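Listed here are the chains, written in short residue letters.
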Amino acid sequence: MANPMKIRAKLEGDVAEVRVLMAHPMETGQRKDANGQVIPMHFIKDIRAELNGKPVFEAAISQAVSRNPVFAFKIKGAKAGDKLSITWVDNRGDTRTDSIELGS
Amino acid sequence: MDRTRRVALKGAGMSSLLVAGFATGLLRPRDAWAADWNKNAFESKTVSDALNSLGVQKVVPSADIVIKAPDIAENGAVVPIDITSNIPGTERISVLVDKNPFPYVGTFDVSKGALPYVHLRVKMGESSNVRVVVTANGQHYEAVKEVKVTIGGCGG
């Protein structure tokens with residue numbers, strides 16, 4: 001089970017400025033371990049943010065995103081008390097969802 | 001009583017049910033994700049192949065795409081990139097690093113309720129142009145920013 005994401009959001013009027021840190025190795029498949037064996041690819045592929053259950057921001061990404069990915073994005077039409085949840089899925093089918101309440 | 005065997009059998013039964021579900025189209029988890037993971041684009045080794053796979057035929061240079069990235073990145077493993085599109089109707093923001101082994105880094109869909117902005121951190125194997133392609137009203141626009149890398153971030 002992957003570690004929780006760290007999600008922070010700041011409301012500026014009705015725009016939520018979101019910053020998220022995901023714990024993930026983002027292995028490119030190009031590195032070798034101490035024994036010279038290739039470390040297999042292991043990376044987040046899909047990301048989705050939902051505001052009160054409605055998708056508002058989505059991404060499809062590659063192994064070229066840095067280890068322990070950090071993203072920031074801005075959601076329109078947000079207000080204090082709204083529920084923001086973020087989900088990622090990696091190339092092995094592992095997934096993780098974390099949520100916060102805005103303005104809390 | 002061999003419990004492990006029972007659990008294994010039960011598990012196998014469940015997965016074959018799932019496989020049947022996928023096959024008949026009853027369960028289609030990919031539908032849930034609108035920003036489709038474009039395998040051909042991600043596996044392309046050149047910018048032009050990646051753009052072709054993304055369906056980008058014609059791309060117009062635009063000064064309305066603002067890319068903030070360091071001129072010189074000391075550590076290619078973590079290069080921060082800030083992108084703002086001032087093009088009206090921006091739906092998607094795609095990012096490519098021209099000289100990476102697989103240039104296409106990803107696409108961010110902001111059409112459903114986000115502002116045309118994204119911040120991400122990428123790996124860069126060597127000094128390269130960072131290329132941003134914005135899709136708005138069916139048209140494609142691009143801007144590039146050169147980033148010099150002193151220590152590459154792909155091998156190791």
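Residues numbered from 1 in each chain as written. Chains lettered and ligands numbered in written order. Predicted model: local features only at pLDDT ≥ 70, side-chain atom pairs only at ≥ 80, totals over all residues. Heavy atoms only, no water.

> What should I look at first to understand the overall build of chain A in this one?
Looking only at helices and strands, chain A features zero helices and seven strands. Listed by position from the N terminus, the elements making up chain A come as β-β-β-β-β-β-β. Overall, the C-alpha framework of chain A stretches about 55 × 20 × 20 Å when taken along its three principal axes. The buried share among the 104 residues of chain A stands at 47%. Carbon and sulfur atoms make up 46% of the accessible area of chain A, which amounts to about 5100 Å² in all. (Helix = DSSP H or I, 4+ residues; strand = E, 2+ residues; numbered from the N terminus. Buried < 20%, exposed > 50% of the residue type's maximum accessible area, 1.4 Å probe, protein only. Areas by Shrake-Rupley, 256 points an atom, 1.4 Å probe, with all protein chains shown as cover.)

> Before we go on, may I ask you to explain unusual backbone geometry in this structure?
Working note: non-glycine residues mostly have negative phi, and peptide bonds are mostly trans. All names here are of chain A. The phi dihedral of N52 falls on the positive side, at around 50 degrees, and the residue is not glycine. Locating N52 in the fold gives a position in the loop between β3 (44-51) and β4 (54-61). According to the relative accessible area criterion, N52 is partly exposed, its value standing at 47%.

> I tried to follow the interface of chain B and chain A on my own but got confused; where do I start?
Interface extent is often summarised as the accessible area lost during association of the parts. In this assembly, 35 residues from chain B lie in contact with 35 residues from chain A. A buried area of about 3000 Å², summed over both sides, lies between chain B and chain A, and 56% of it is on carbon and sulfur atoms. Taken together, chain B and chain A are joined by one salt bridge. In this structure, the salt-bridge partner of E58 of chain A is K112 of chain B, at a minimum N-O distance of 2.7 Å. Here chain B is connected to chain A by 17 residue pairs in polar contact (both at pLDDT 80 or more). Among the secondary structure elements, those contributing two or more residues to the side of chain B that touches chain A are β6 (104-109) and β7 (117-122) of chain B. (Contact = heavy atoms within 4.5 Å. Buried area = accessible area lost by both parts, 1.4 Å probe. Salt bridge = Lys/Arg side-chain N within 4 Å of Asp/Glu carboxyl O. Polar contact = N/O pair within 3.5 Å; in protein donor to acceptor, adjacent residues only side chain to side chain.)

> Got a minute to help me understand the pairing of strand β7 (residues 95-101) of chain A in this structure?
A regular strand places its side chains so that they alternate between the two faces of the sheet. Residue and element names in this part refer to chain A. In the sheet, strand β6 (residues 83-90) pairs with β7 via seven bridges, with the strands oriented antiparallel. Looking at the pairing, L84 lines up with I100 of β7. Connecting β6 to the next strand, β7, in antiparallel fashion are four residues, including G93 with a positive phi near 85 degrees. (Pairing = 2+ DSSP bridges.)

> How should the side chain of T90 of chain B be read in this particular structure?
Residue and element names in this part refer to chain B. Among the structural elements, T90 can be located in strand β5 (residues 90-97). Looking at T90, its side chain comes within polar contact range of the main-chain oxygen of I87, at 2.6 Å. With residues near it in sequence (within four places) discarded, T90 still touches S85, V110, P116, V134, T135 and A136.

> Which parts of the structure should I look at to understand the confidence of the model for chain B?
The predicted coordinates of low-pLDDT regions are not to be read in fine detail. Residues and elements named next belong to chain B. Confidence along chain B averages 84 in pLDDT terms, with 74% of residues attaining 70 or more. Low pLDDT, under 50, characterises residues 16-32; the predicted model gives this stretch 10 contacts beyond four residues in sequence or across chains. Here the complex is predicted with pTM 0.85, and the ipTM for its interfaces comes to 0.96. (pLDDT = per-residue confidence, 0-100.)

> Sorry if this is basic, but what is going on with the packing of aromatic side chains here?
Enumeration according to the criterion identifies six aromatic pairs over all chains in this entry. Here W37 of chain B and F42 of chain B contribute two aromatic rings whose centre-to-centre distance is 4.3 Å and whose plane-to-plane angle is 20 degrees, an arrangement assigned as stacked. We note that W37 of chain B, like F42 of chain B, is buried. Members of the aromatic cluster, joined through ring pairs, are F43 of chain A together with W37, F42 and Y104 of chain B. Across from the ring centre of W37 of chain B, 4.1 Å away, lies the NZ or CZ of K45 of chain A, which sits over that ring. (Phe/Tyr/Trp six-rings, centres within 6.5 Å; stacked < 30°, edge-to-face > 60°. Lys NZ or Arg CZ within 6 Å of the ring centre and 35° of its normal.)

> Would you take a moment to explain the side chain of E50 of chain A for this structure?
Counting through the fold element by element, E50 of chain A comes out in strand β3. A polar contact of 3.5 Å, which involves the side chain of E50 of chain A, links it to the side chain of R48 of chain A.

> For this particular structure, what's the right way to read the pattern of salt bridges?
When their charged atoms lie close together, side chains carrying opposite charge are able to pair. Evaluation of the coordinates by the stated rule reveals 13 salt bridges over all chains. D98 of chain A is paired through a salt bridge with R96 of chain A; the nearest N and O atoms lie 2.8 Å apart. Between D71 of chain B and K145 of chain B there is a salt bridge, with the nearest N and O atoms lying 2.6 Å from each other. Here D71 of chain B, found in the loop between β2 (65-68) and β3 (72-75), pairs with K145 of chain B, found in strand β9 (residues 139-151); they are 74 residues apart in sequence, far enough to count as distant.

> Quick question: what am I supposed to make of the nonpolar core here?
One recurring pattern in soluble globular proteins is that nonpolar side chains are buried together. Of all hydrophobic cores here, the largest spans 63 residues; its most connected members are I86 of chain A together with L120 of chain B. Ignoring anything within four residues of it in the chain, the contact list for I86 of chain A reads M5, I7, V18, V20, M22, I47, R48, A49, F73, R96, T97 and D98 of chain A. (Core = buried A, V, L, I, M, F, W, Y, C linked by side-chain atoms within 4.5 Å.)

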